[in-house]
Amino acid sequence: MPSSRRPVDAYKAIVDQLVNETTHSVMQQLVTERGFFLETSDHAVFNQLVHSLTPEQRRLLGDMLLQERWGTIHDVLAVLTSWMSSDGLAFTFQGEPMPVDLSGTGLHGDFVGRRQGWEWPDNGGPANA
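The text that follows walks through the structure, step by step, so that each part is easy to find.

Calculation notes
- Residues numbered from 1 in each chain as written.
- Predicted model: local features only at pLDDT ≥ 70, side-chain atom pairs only at ≥ 80, totals over all residues.
- Heavy atoms only, no water.
- Salt bridge = Lys/Arg side-chain N within 4 Å of Asp/Glu carboxyl O.
- Helix = DSSP H or I, 4+ residues; strand = E, 2+ residues; numbered from the N terminus.
- Core = buried A, V, L, I, M, F, W, Y, C linked by side-chain atoms within 4.5 Å.
- Buried < 20%, exposed > 50% of the residue type's maximum accessible area, 1.4 Å probe, protein only.

The next thing to look at is the pattern of salt bridges. Going through the model one piece at a time under the given rule, you end up with four salt bridges. For the salt bridge of Arg114 with Asp16, the shortest nitrogen-to-oxygen distance reads 2.7 Å. Of this pair, Arg114 sits in helix H5 (residues 106–115) while Asp16 sits in helix H1 (residues 7–20), placing them 98 residues apart in sequence. When the shortest N-O distance is used, the salt bridge between Arg59 and Glu56 registers 2.7 Å. With Arg59 and Glu56 both in helix H4 (residues 55–86), this residue pair falls three residues apart, about one helical turn. One continuous salt-bridge network, built from bridges that share partners, spans Glu56, Arg59 and Asp63.

Encoded structure:
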């Protein structure tokens with residue numbers, strides 16, 4: 001939760017939380033560190049494949065799984081951006097309109113930018129190109 005009660009700070013906190021909480025994934029860790037899924041898991045069907053891989057191959061597969069996780073979040077944010085720009089969807093925080101798309105490239109652009117170290121604009125508006 002943002003320390004400030006401004007809607008723009010809430011938006012920044014949401015995007016930053018998505019960035020910070022997706023630096024790794026459970027599936028990635030299971031594949032790379034354990035090398036198997038619990039037999040009671042829906043993912044146990046992949047154990048034969050995972051067991052057949054070398055540690056380096058498991059690391060690469062884990063990286064692929066993490067990339068897919070980031071791609072999924074990007075795609076969800078891109079759909080929301082589309083709804084916001086053409087269909088009137090909007091976010092609010094404590095009843096106030098929440099500014100979004102501070103990068104000027106959509107919610108997904110904010111997510112990707114923050115993952116790559118982009119700094120938020122000071123004024124809460126879109127960044128200057």
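Within the largest apolar cluster, 16 residues are counted, with the highest numbers of intra-cluster contacts made by Tyr11, Leu77, Met98, Leu102, Leu107, Phe111 and Trp120. Those elements giving two or more residues to this core turn out to be H1, H4 and H5. Counting residues in each nonpolar core, the second largest holds six residues, with Val31, Phe37, Val50 and Leu53 among its members.

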